[in-house]
Amino acid sequence: MTDTFAELRRRDFSRLDRGGHVYLDYTGAGLYAESQVRAHADYLCGCVLGNPHSRNPSSMAATTLVEDARRKVLGFFNADPEHYEVIFTLNASGALKLIAEAYPWEPGGRFLLTADNHNSVNGMREYATAHGAEVRYVPLGCELRVDDLEEHLAGAEAGKHHLFTFPAQSNFSGVKHPLQWVETARAHGYHVLLDAAAFVPTSPLDLGEHGPDFVALSFYKMFGYPTGVGALLARRNMLGELHRPWFSGGTVRFVSAQNSVHLSHVTGRAFEDGTLNYLGISAVSAGLDFLGEMGMGRINAHVMRLTELLLRELAALRHSDGAPMVRVYGPQGTVMRGGSVAFNLIDPGGDTVDFRVVEQRTNEAGVSVRTGFFCNPGAAEFAFEYHDDEAFRCIQTLTPETFTLQQFSDCMNDYAVGAIRASVGIASNDADVARLMEVLATFRDAAAASVSNAQTAAVVTAE
Ligand SMILES: Cc1ncc(COP(=O)(O)O)c(C=O)c1O
């Protein structure tokens, strides 16, 4: 199997080795296979595609390809077309926002979400609160997992609308939360929105087995190309429960300006604003075929072998006195986790090395990792063991105009205010892991250096 992936890297990702790149940010974005892009360019050069809202031949060709892509997406996730619809969006955030703005939040209703969630899920709480729903977070325990979900699901008022949202895989720790939660939460009277953005690039998702009400994802995370296309997979019976706060071109069957009347589509079309990215969507089927040909099971096995190697090598990094150089946040093993590993370097005195110093060195070595909070503040707060009162005191000093991470960091004293995330994917290999280790090993026996002014100025967000 290693040979298959080595051959794939030579054939379809040769730009990595040609340019000396070590790409370890697959949870940020997947990389496209070069053959995908060539095939798409050939396809576009051979057809004429127009706006799908018209009714001419070029328009109908575009409509056909969009509908084919919808079928393909449903098939890929084993979603029964009788029960599920595919709504194309800009990205996973776009899919989440559709639910945020249209879910029937109400006083007495509840928005329950794991503390481990991307900011595009956290942001949904603004809509829930504005409509009087209660917002509750499920805390994280050992290994940044949830200890007892049922305890938090309990007590949802009968007859009200409740939504539970969790990521199938954490974009912070790589933890895979149990998909069985879908059934558990539904049994407690919740609708379930599954954020599958970090899970589906390297793990098979079978909606015939676990059937959430909604699933959000981005295609560039799965196969790198195209950007700007994501999807909301929604149960058909839920569409009628969602109430959009506006309408737009493409979402309506009839509008009167004179009489301020509009009739929305009653299908998923009611959620697709304006003209779809039909050229981008025309590359989705090929991307899914590419993953399908490699086989999601094989991709998962490849990624987990590399994750194990990464975890083993990180644990083996030691200062001369034998003290560990790395603190991994979340699971140290490969059970119920994916290929994202978040960590910080620790100096011989036990202090955390500022992630910005590490980032400078990985950047200089051509190694792409992600640093910061990774847009997942809840998991970060549990990982860094913040006390909420202390963090609250520091947060109160922040203003959007003057905010710098350094200001927050100074206020938080000894706490970490960011980490490093290495994530492996379809084109990763052992040499990538080794190159990262070489860079990290340069911190052996060195005292944590303070971050330079230039670096401070460059990093102004806590994402
Ligand atoms: C778990 C998770 N959810 C949602 C998102 C948002 O995805 P996008 O930026 O493509 O909208 C991400 C992106 O990193 C993610 O990892």
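Small disclaimer: the values here were computed from a predicted structure and weren't measured. (Residues numbered from 1 in each chain as written. Predicted model: local features only at pLDDT ≥ 70, side-chain atom pairs only at ≥ 80, totals over all residues.)

(A) Structural detail: the sheet that holds strand β2 (residues 84-89). Reading across the sheet, the seven strands line up as β2-β8-β7-β6-β5-β3-β4 and stay open at both edges, with mixed pairing between neighbours. At either end of the open sheet lies a strand with only one pairing partner, and these are β2 and β4 (134-138). The mean angle between the axes of side-by-side strands here comes to 15°, regardless of whether they run parallel or antiparallel. (Pairing = 2+ DSSP bridges. Helix = DSSP H or I, 4+ residues; strand = E, 2+ residues; numbered from the N terminus. Axes fitted to C-alpha atoms, helices over the stretch in contact; angles between N-to-C directions.)

(B) The site of the ligand, seen in detail. Around the ligand sit 13 residues in total, of which Asn91, Ser93, His118, Asn171 and Ser218 are the nearest. Residue composition of the shell around the ligand, by class: four nonpolar, eight polar and one charged. (Near = placed C-beta within 6 Å. Nonpolar A, V, L, I, M, F, W, Y, C, P; charged D, E, K, R; others polar.)

(C) Highlighting the sheet that holds strand β11 (residues 326-329). Strand order in the open sheet formed by four strands is β11-β12-β15-β14, and the pairing between neighbours is antiparallel. Pairing within the sheet leaves two strands with one partner each, and these edge strands are β11 and β14 (370-372). Across the sheet, the mean angle from the axis of one strand to that of its neighbour is 30°, orientation sign disregarded. In terms of strand pairing, β11 meets strand β12 (residues 340-345) through four bridges, oriented antiparallel. Directly across from valine 326, in β12, lies its bridge partner leucine 345.

(D) Structural context of the domain arrangement of the chain. The domain boundaries assigned to the chain delineate domain 1 (2-31 + 295-458) and domain 2 (36-293). Each of domain 1 and domain 2 has a C-alpha centre, and the two are 29 Å apart. Between domain 1 and domain 2, the contact holds 30 residues from the first and 29 residues from the second. If you list the elements that add at least two residues to the side of domain 1 that touches domain 2, you get α14 (296-316), β12 and α16 (377-383). The leading source of residues in the side of domain 1 that touches domain 2 is α16, at six residues. Looking at the side of domain 1 that touches domain 2 residue by residue, the classes come out as 18 nonpolar, eleven polar and one charged. (Domains from an automatic or database assignment. Contact = placed C-beta atoms within 7 Å.)

(E) Geometry of unusual backbone geometry. Proline 226 follows tyrosine 225 through a cis peptide bond whose omega is 5°. Its place among the elements puts proline 226 in the loop between α10 (219-223) and β8 (230-235). Non-glycine residue methionine 336 carries a positive phi angle of around 50°. Of note, methionine 336 is situated in the loop between β11 and β12. Taking the number of C-beta atoms within 10 Å as the measure of exposure, methionine 336 has 14 and is therefore partly exposed. Located in the positive-phi region is cysteine 375, a residue other than glycine, with phi close to 60°. Cysteine 375 gets classed as buried once you count the C-beta atoms within 10 Å, which come to 20. (Buried ≥ 20, exposed ≤ 12 C-beta atoms within 10 Å, placed from the backbone.)

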